[in-house]
Amino acid sequence: MGYYAAHGRHDLPWRAPEPDGSFDSYKILVSEVMLQQTQVSRVIPIYQKAIYRFPTVSDLARAELGEVLRMWQGLGYNRRAKFLHQAAQMVVKDFGGEFPASAEELVKLPGVGKNTAGAVLAYAFNKPAAFVETNIRTVFIHHFFKDQTDIPDGVILELLGKTVDAANPREFYWALMDYGTFLKQTVGNLSRASKSYVRQSPLEGSRRQVRGQVLRLLTQRAYSPAELQEHILDHRLNEVLQALQNEGMISLQNGLYEL
């Protein structure tokens, strides 16, 4: 905790408590979903824009998906925006607008797995839930598994269960995350030695890039198929458009694609 006291990222907006000292589960979930596979520096301005535009879970639930996708531009992996939107709707519809405070209920929300649920429990409810992500892996691999490979998350979770500060898990995890960031900058991303590590595929030339191009254009206005083909010279465009329609991300109305 000494490193955290001296060098911790105390100014991250999702670490700011509410006026009564509590932490808003909704804001924690927004930050956790945005931070998946995305650098903190890219997340901060869009997180702030999201909370300004949709200050409560009810505001997000009421919004059109197109509004949410426009807010999301710049983060990539746009399915996360859809999952977040669906999760907000489920919280309002099935949980009366109150976030569940158990992992069993949280993982029922779209896009929320065990690790995201654990993060919400720790940061919003200050519960000593065990969860693993890249910074946490880096810390434990550095100190307990040097020169080893194929390290399963299960052994890290076991160590976490023995070391987590049950009295203040929220700050424990903040410190762990910040120390992991420091280690990645100094000794490298040791989480590559994890059995769970998956190398992020390059964006350039990928279907993901085509998806992003389509959604970026449609945040501006509706486009006809011919107009999209003029802007996106990729033979996979029609396949991508069909996939986005099937996922409910875009629709074709009166010959025009729109969010």
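Residues take numbers from 1 onward in each chain, read along the sequence in its written order. Local features in a predicted model are, by the rule used here, given only for residues with pLDDT of at least 70; side-chain atom pairs are given and counted only at 80 or more, and totals for whole chains, interfaces and linings are based on all residues. Side-chain numbers here rest on the full set of heavy atoms in the structure, without hydrogens or water.

Numbering of helices and strands runs from the N terminus; a helix is a DSSP stretch of H or I covering at least four residues, while a strand is a stretch of E covering at least two. In terms of regular secondary structure, the chain is built from 14 helices and 2 strands. Taking 18 Å as the expected radius of gyration for a compact globule of 259 residues, we find that the chain reaches 20 Å, a close match to that expectation. Projecting the C-alpha coordinates of the chain onto the three principal axes gives extents of approximately 60 × 45 × 30 Å. Looking at the chain residue by residue over its 259 residues, the buried ones come to 44%. Note on definitions: a residue-residue contact is assigned when non-hydrogen atoms from the two residues lie within 4.5 Å. Considering only contacts within the chain whose residues lie at least 6 apart along the sequence, 64% involve residues at least 24 apart. Values of accessible area rely on a 1.4 Å probe in the Shrake-Rupley scheme; residue burial ignores everything except the protein chains shown. Here the chain displays about 13300 Å² of accessible surface, and carbon together with sulfur accounts for 51% of that area. Between the averaged position of the 29 positive side-chain charges in the chain and that of its 27 negative side-chain charges there is a distance of 4 Å. The size measure is the radius of gyration over C-alpha atoms, and the globule rule it meets is 2.2 Å times the number of residues to the 0.38 power. Exposed residues in this analysis have more than 50% of their type's maximum accessible area, buried residues have under 20%, and partly exposed residues fall in between, with area computed by a 1.4 Å probe over protein chains only. Asp and Glu count as negative and Lys and Arg as positive, but His and the ends of the chain are not part of the count. For this purpose, a charge sits on NZ of Lys, CZ of Arg, CG of Asp or CD of Glu.

Any carboxyl oxygen of Asp or Glu that lies within 4 Å of a side-chain nitrogen of Lys or Arg is treated as forming a salt bridge with it. Enumeration over the complete set of coordinates arrives at 14 salt bridges. Arg 9 serves as the salt-bridge partner of Asp 178, at 2.7 Å between the closest nitrogen and oxygen. Here Asp 178 is found in helix α11 (residues 169–186), whereas its partner Arg 9 is found in the loop between α1 (2–7) and α2 (25–35), with 169 residues between them in sequence. Overall, the relative accessible area of 3% leaves Asp 178 in the buried class. Look at Arg 9 and you get partly exposed, because its relative accessible area is 21%. A salt bridge links Asp 59 to Arg 62, with the nearest nitrogen and oxygen atoms 2.7 Å apart. Linking Asp 59 with Arg 62, this pair stays in helix α4 (residues 57–62), spanning 3 residues, or about one helical turn. One salt-bridge network, in which partners are shared between bridges, spans Arg 9, Arg 15 and Asp 178.

The next subject is helix α5 (residues 65–72). Because the α-helix completes a turn every 3.6 residues, residues three or four places apart line up on one side. Within α5, 6 of the 8 residues are buried, which leaves it mostly tucked inside the rest of the structure. Downstream of α5 by one or two residues, Gly 74 has phi in the positive range, about 110 degrees.

Bringing the confidence of the model for the chain into the picture now. The pLDDT score gives, residue by residue, the confidence of the prediction method on a 0 to 100 scale. Counting all residues, the mean pLDDT for the chain is 94, and 100% of those residues have values of 70 or more. By mean pLDDT, the top-scoring element of the chain is α4 (98), and the lowest-scoring one is α1 (82).

Only centres within 6.5 Å qualify two rings of Phe, Tyr or Trp (six-membered ring in Trp) as a pair; their planes then separate them into stacked at under 30 degrees, edge-to-face at over 60, and tilted for everything else. Considering all chains together, one arrives at 9 aromatic pairs under this definition. Between the aromatic rings of Phe 23 and Trp 174, the centroid separation amounts to 5.8 Å while the plane-to-plane angle is 65 degrees, which identifies the pairing as edge-to-face. Taken together, the positions of Phe 23 in the loop between α1 and α2 and Trp 174 in helix α11 put the pair 151 residues apart, joining distant regions of the chain. When its relative accessible area of 10% is taken as the criterion, Trp 174 is described as buried. Centre to centre, the rings of Tyr 123 and Tyr 173 are 6.5 Å apart; their planes meet at 80 degrees, and the pair counts as edge-to-face. Placement of Tyr 123 in helix α8 (residues 114–125) and of Tyr 173 in helix α11 is noted, with a sequence separation of 50 residues between them. Judged by its relative accessible area of 6%, Tyr 123 falls in the buried class. Pairwise contacts between aromatic rings join Phe 23, Tyr 123, Phe 131, Phe 172, Tyr 173 and Trp 174 into one cluster. Geometry around Phe 125 places Lys 127 over its ring, the cationic atom sitting 6.0 Å from the centre. Look at NZ for Lys and CZ for Arg. If either is within 6 Å of the ring centre and within 35 degrees of the ring normal, a charge sits over the ring. For the cation-ring pair, Arg 221 lies above Tyr 223, with the distance from its terminal atom to the ring centre recorded as 3.8 Å.

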